[in-house]
Number of protein chains: 4
Amino acid sequence: MKKLLIISTGGTFNKIYNPKNGMLEIDKDATALKELASKWLCEFELITIINKDSLEMTNQDRLELLGTINQADYKHIIVVHGTDTMDVTAEYLAEGELDKCIVLTGAMVPYSIDPVEATANLASTYGYLQALEEDGVYIAMNGMIGDYKIIKKDREEGRFTL
Amino acid sequence: MKKLLIISTGGTFNKIYNPKNGMLEIDKDATALKELASKWLCEFELITIINKDSLEMTNQDRLELLGTINQADYKHIIVVHGTDTMDVTAEYLAEGELDKCIVLTGAMVPYSIDPVEATANLASTYGYLQALEEDGVYIAMNGMIGDYKIIKKDREEGRFTL
Amino acid sequence: MKKLLIISTGGTFNKIYNPKNGMLEIDKDATALKELASKWLCEFELITIINKDSLEMTNQDRLELLGTINQADYKHIIVVHGTDTMDVTAEYLAEGELDKCIVLTGAMVPYSIDPVEATANLASTYGYLQALEEDGVYIAMNGMIGDYKIIKKDREEGRFTL
Amino acid sequence: MKKLLIISTGGTFNKIYNPKNGMLEIDKDATALKELASKWLCEFELITIINKDSLEMTNQDRLELLGTINQADYKHIIVVHGTDTMDVTAEYLAEGELDKCIVLTGAMVPYSIDPVEATANLASTYGYLQALEEDGVYIAMNGMIGDYKIIKKDREEGRFTL
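Please read these numbers as outputs of a predicted model, since none were measured by experiment. (Residues numbered from 1 in each chain as written. Chains lettered and ligands numbered in written order. Predicted model: local features only at pLDDT ≥ 70, side-chain atom pairs only at ≥ 80, totals over all residues. Heavy atoms only, no water.)

**A short note on the sheet that holds strand S6 (residues 101-105) of chain C**
Residue and element names in this part refer to chain C. Taking strand neighbours across the sheet as the criterion, the six strands line up as S4-S1-S5-S6-S7-S8 in an open arrangement whose pairing is mixed. Lying at the two open borders of the sheet, with one neighbouring strand each, are strand S4 (44-52) and strand S8 (144-147). Looking at each pair of strands side by side, their axes are set apart by 20 degrees on average, direction ignored. Bridge count between strand S5 (residues 76-80) and S6: five bridges; the pairing is parallel. Bridge pairing in S6 links His-76 to Cys-101. Against the sheet, helix H3 (residues 86-95) touches S6 and strand S7 (136-141), its axis set at about 160 degrees to S7. (Pairing = 2+ DSSP bridges. Helix = DSSP H or I, 4+ residues; strand = E, 2+ residues; numbered from the N terminus. Axes fitted to C-alpha atoms, helices over the stretch in contact; angles between N-to-C directions. Contact = heavy atoms within 4.5 Å.)

This is how it looks when you write it as structure tokens:
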């Protein structure tokens, strides 16, 4: 198996409910992601950075992400990201022209509320990376997987489409 | 996206609890698989055949599976199969030398009891097939994905390994 | 079985995640509550009123609740209510001095996120009402069940205690 | 709160899936029951005895249960029992004419497969016992709660009725 780096940047995937204030909050330890990946996928390294909703992500944050990927000792990278600006970040990373295979994924609903969607997204990303041979920046959401330029979020439907 | 044929042959993946007799039984409609795939993966056709635990599968059954794949109008095939003889069936299919990409997957625990494992297996199979370029027979279980000859079930651990 | 009136006033119990805006919102149809009660409890009538977080509930709302209970053709009433001002509403209802058995319950975490807590609260309320012989206003949360004056929310712990 | 003794005798409630043999087996530690009760109900003592499907329960087993209840330092007892002979055991216990409040409950589907039904049964039993004033032997299943002589299992429907 290819060994992977998973970079969790925040977004919906790892949000958990805080009963004391009634809010969904980003779990900065990415516990759900970590358990899911270590139980059902292969060896990987996980780091968490930025930890924001993707609507709040700045180009400064994207530069941090690009730098992290560039310096990482891995060729195959999964970026867990909020869905609203996943395309913006993908384009930013593509302009970096790294010799790496980078796939962005995330979730429309937190793993803590619906583990199936988040698992389907992460695992299809993982499988895709295992067979992928061409460097590039890709998006994988609800079964739509491919070059970041062809996968778009349909805000009306709450899904990604070609 | 590549359009897929999913062939459900039985096994643990689709078992459901029957409260009247207290037994886990194979759901011949593969309802869980159908809902999962249609909600979170792309277009596919699903057929159910054989519907047995893999310990009860005969070479007659394997011939039926091989024939079904051979005649199918699809190049990319997911076979959902019980885990105990997944390797035997994979070898049988490989001897058929079809010009197809065939990935066998399944579940150690029914989707109705733990949806996460079954979803991780199916979705990683799906992602793998989307990027796969070489014909062959593959196995994908708990993150171990590759040529059927290198993925083995560790009965002690209840997991697949290299 | 005693036939019950269940009044859903909002609060956390029936909140569901809206993937389009990333917020938890009160389900005004109380779908989770309705399914739970009709599947696992006995005959009941369910009405939904007010539909607010309990921090936003006014004495005008409480008057509406009291009036609804007073006019209802039921002696045994379950009030599903947010936890933050459950005690205030209970006291308000008690001052109404109705010849009824009223039990307030709710959930710290939405049923859609953790069905077990919400189910435990509703079902213990239901069982209590079936055996209860004395009119009054009661609270039932996380196993603490009794006269509203003796059950308090411990905001530090996020639980109700004596 | 009344402090309770919970006696787990086996049955469906605590069954868990064994991935190595594909069978549902009685968890002799009653882990699910223990976690549920300690998280969402009040103080209790839990003991596990017999640990059989109720179809295999003998009068010798019932004598052991009766003796355990008789010697226990508790007046309020929850007996978790398989559903098929719950009525037989209830009658056996009633003939013991103990000065205790005993409620039998269980589950049609294991907690590990559907936690909602099992939780609803246990929690409604708990609530009922908290308000109950009259000694006797009772059954509480899917919202039907009362003297053991009036609650019957409808095997066709897979539910208990009056």
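**Re the interface of chain D and chain B**
Across the boundary between the two partners, chain D contributes 14 residues, which contact 15 residues of chain B. Taking both partners together, chain D and chain B bury about 1,100 Å²; carbon and sulfur atoms supply 64% of that area. Where chain D packs against chain B, one counts two residue pairs in polar contact (both at pLDDT 80 or more). The residue inventory of the side of chain D that touches chain B, partitioned by class, reads seven nonpolar, three polar and four charged. (Buried area = accessible area lost by both parts, 1.4 Å probe. Polar contact = N/O pair within 3.5 Å; in protein donor to acceptor, adjacent residues only side chain to side chain. Nonpolar A, V, L, I, M, F, W, Y, C, P; charged D, E, K, R; others polar.)

**Points about the interface of chain D and chain C**
Where interface size is quoted, it is often the accessible area lost as the parts come together. In this assembly, 28 residues from chain D lie in contact with 28 residues from chain C. Surface buried jointly by chain D and chain C totals about 2,300 Å² across both partners, of which 72% is contributed by carbon and sulfur atoms. The largest contributions to the chain D side of the interface with chain C come from Met1(D), Trp40(D) and Val116(D), which together make up 29% of the buried area. Linking chain D with chain C are zero salt bridges. Viewed at the interface, chain C and chain D are joined by six residue pairs in polar contact (both at pLDDT 80 or more). (Salt bridge = Lys/Arg side-chain N within 4 Å of Asp/Glu carboxyl O.)

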